[in-house]
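# Secondary and tertiary structure notes
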Amino acid sequence: MAKKNEKRGCLQNVRVFAGTLLGLLVIVAAFILSSITGIDFLSLLETDTGTSGDTVVVEAPPPVPAEVDALSVGLGFGAQKGFWTVYFNAPTGNSDRSTYVNGIDQPLVRDISEVRRTLDIAAYEFDNEALTAAVIGAHRRGVRVRIVTDDEAGLEEEDESIPQFVRAGIPVVDDERSALMHNKFMILDGTTVWTGSWNYTMNGTYRNNNNALAMRSQRAVQAYQTEFNEMFENGEFGPRSTSASASFTQNGIPVSIVFAPEDDAVGLIVRELESAQEAIRFMAFSFTQDDIGNTVRQRGSAGITVEGIFEVRGSETRFSEMPPMFCAGFDVRQDGNPYALHHKVFIVDDTTVLTGSFNFSANATESNDENLVVIRDPDLAALYLQEFDRRFAEASPPDPADIECE
């Protein structure tokens, strides 16, 4: 274990040194060109954040594993291998909505434009303009579009897209309850399912850190289709829903899918964490679930590397798992995004990824409609680790003065 962690640390140091050296070379070249031409090339390397007046450099795509194909995304990162494709957005901190273009919404817009038969959508929120146009366009060319949403965050938000879909003649079903229909997934032509932490909104695409996972797998589609039909056709929401969970192997890769609260998502997460032999890393928008937090601390106390990033909001309350982890000496940080870190991700032993809409909270466990995917593939884990490293580098340890340790 120590050798593997030491090797990973050395590789990170090499990447940091290489990145620093490349940055210096670019700056020197820009300075020389500026001296010769009189054009300020240095200013072209920076993008205005539109918030604090600071500047940020648009992140360059990192190298991908050998068996993985990198995908070009303007504001984000994408990669594909076999049956899965993964995307991470890259918020710049810019508050100017006119700059919100060419993000991870564009690959999904392209996929929707190729749909010919059916498009089923479960969306907690929806206001992304490009995706809205793509969905209405699919409906108008004869695709059967159906939508499930939350009553308050979706259907009743007149300034967002769900009412537009209703006016366009697209059938929409909402949960009509105080708990949330918190899923974010689409099923395209019964062949591909998109899921992840990403709400189909402008904020979700261009401000908050998110991930999207697309799976071209009949077993995955069947599970999500069953869950969608339960909500849309049968009106089954929350604890009274029928289980649609699935465990299977796709292209030699083990996959498990569960839907909360009808399935034991916490039990699945705890079992995966208990199996960790080397490292547990996580990115959490909300982390208040004690069973999961206790398991992380237990594995850390047994010598497993524990590193984590908490969304700042709520992270210092008595309900959050951050204070006990910080007080136990684990390297946990608060995110550096001026908007929100919206991931709900665990990475176990650099081999297994847990992702989806499922926040690590009591509401997700007991009442909200959620989904969670577990994929055991080191290549996919490597990409989520790259995202973790990006977010960890911009995060900060909490101020000890703000944390009360017993």
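The coordinates are above.
Here goes a summary of the coordinates provided. Bear in mind that the values here come from a model prediction, so they are computed numbers and not experimental data.

The subject of this paragraph is the pairing of strand S15 (residues 305–310). For S15, a buried count of five out of six residues is recorded, marking the element as mostly surrounded by other parts of the structure. Each parallel crossover has a hand, and for strand S14 (residues 279–284) linked through helix H9 (residues 290–301) to S15 it is right-handed. Traced from S15 through helix H10 (residues 322–327) to strand S16 (residues 331–334), the parallel crossover comes out right-handed.

Between helix H8 (residues 265–274) and H9, the shortest axis-to-axis distance is 10 Å and the interhelical angle comes to 5°. Taken together, the axes of H8 and H9 are roughly parallel relative to one another. Of the residues in H9, those in contact with Val266, Ile269, Val270, Leu273 and Glu274 of H8 are Asp291, Ile292, Thr295, Val296 and Arg299. Of the residues contributing to the contact of H8 with H9, the split by class is six nonpolar, one polar and three charged.

This paragraph deals with the nonpolar core. With 47 residues, the main nonpolar core has Trp84, Val86, Leu213, Met215, Tyr224, Ile257 and Tyr384 as its most contacted residues. Dropping the residues within four chain positions of it, tyrosine 224 is found in contact with Phe185, Ile187, Val193, Thr195, Met215, Ile257, Phe259, Asn371 and Val373. Judged by nonpolar contacts, the second largest core, of 31 residues, contains Leu268, Ala284, Ile304 and Val306.

Further remarks concern the environment of valine 135. Structurally, the position occupied by valine 135 is in helix H3 (residues 129–140). The exposure class of valine 135 is buried, given its relative accessible area of 0%. The spatial distance from the C-alpha of valine 135 to the C-alpha of valine 145 is 7.7 Å, given a sequence separation of ten residues. Setting aside anything within four residues of it in sequence, one finds valine 135 in contact with Ile112, Leu119, Ile121, Phe126, Val145, Phe165 and Ile170.

At 3.6 residues per turn, the α-helix brings residues three or four places apart onto the same side. Here H3 spans 17 Å end to end across twelve residues, near enough to the 16 Å set by a 1.5 Å rise per residue. For H3, the full list of buried residues reads Leu131, Thr132, Ala134, Val135, Ile136 and Ala138. The elements touched by buried residues of H3 are helix H2 (105–113), strand S6 (118–123), strand S7 (144–149) and helix H5 (161–167). Its side-chain oxygen 3.1 Å from the backbone nitrogen of alanine 130, asparagine 128 forms the N-cap of H3. Among the residues trailing H3, glycine 142 stands out with phi positive, at a value near 100°.

In spatial order, the strands read S3-S4-S5-S11-S10-S9-S6-S7-S8; together these nine strands make up an open sheet with mixed pairing. Looking at which strands have only one partner, the edges of the open sheet turn out to be strand S3 (69–71) and strand S8 (172–174). Within the sheet, the average angular offset between the axes of one strand and its neighbour, ignoring direction, is 15°. For strand S4 (residues 76–81) and strand S5 (residues 84–89), the ladder comprises six bridges, and the chain directions are antiparallel.

Turning next to the state of the cysteines. Applying the stated rule across the entire model yields one disulfide. Here cysteine 327 pairs with cysteine 405 through a disulfide, and the sulfurs are 1.8 Å apart. Looking along the S-S bond of the cysteine 327-cysteine 405 disulfide, the torsion reads about -80°, which is the left-handed sense. Here cysteine 327, found in helix H10, pairs with cysteine 405, found in the segment after helix H12 (378–394); they are 78 residues apart in sequence, far enough to count as distant.

A word on the packing of aromatic side chains. As enumerated under the stated definition, the model contains 19 aromatic pairs in all. Look at tyrosine 224 and phenylalanine 259: their rings are 5.1 Å apart centre to centre, the planes differ by 80°, and that puts the pair in the edge-to-face class. Note that tyrosine 224 is positioned in helix H7 (residues 218–232) and phenylalanine 259 in strand S13 (residues 253–260), a separation of 35 residues in sequence. Take tyrosine 224: its relative accessible area is 0%, and that puts it in the buried class. Centre to centre, the rings of phenylalanine 287 and phenylalanine 310 are 5.7 Å apart; their planes meet at 20°, and the pair counts as stacked. Pair noted here: phenylalanine 287 is in the loop between S14 and H9 and phenylalanine 310 is in strand S15, with a separation of 23 residues, a long-range link. You'll find phenylalanine 287 and phenylalanine 310 in the same group, each marked buried. Through a chain of ring-to-ring contacts, three or more aromatic side chains come together here, namely Tyr87, Phe126, Phe165, Trp194, Trp198 and Tyr200. Positioned above the aromatic ring of phenylalanine 392 is the side chain of arginine 333, whose terminal nitrogen or guanidinium carbon lies 3.7 Å from the ring centre.

Rules of the game
Residues numbered from 1 in each chain as written. Predicted model: local features only at pLDDT ≥ 70, side-chain atom pairs only at ≥ 80, totals over all residues. Heavy atoms only, no water. Buried < 20%, exposed > 50% of the residue type's maximum accessible area, 1.4 Å probe, protein only. Helix = DSSP H or I, 4+ residues; strand = E, 2+ residues; numbered from the N terminus. Right-handed = clockwise from strand over helix to strand, strands pointing away. Axes fitted to C-alpha atoms, helices over the stretch in contact; angles between N-to-C directions. Parallel < 35°, antiparallel > 145°, perpendicular 65-115°, else oblique. Contact = heavy atoms within 4.5 Å. Nonpolar A, V, L, I, M, F, W, Y, C, P; charged D, E, K, R; others polar. Core = buried A, V, L, I, M, F, W, Y, C linked by side-chain atoms within 4.5 Å. Expected span 1.5 Å × (residues − 1). Polar contact = N/O pair within 3.5 Å; in protein donor to acceptor, adjacent residues only side chain to side chain. Pairing = 2+ DSSP bridges. Disulfide = S-S within 2.5 Å. Phe/Tyr/Trp six-rings, centres within 6.5 Å; stacked < 30°, edge-to-face > 60°. Lys NZ or Arg CZ within 6 Å of the ring centre and 35° of its normal.

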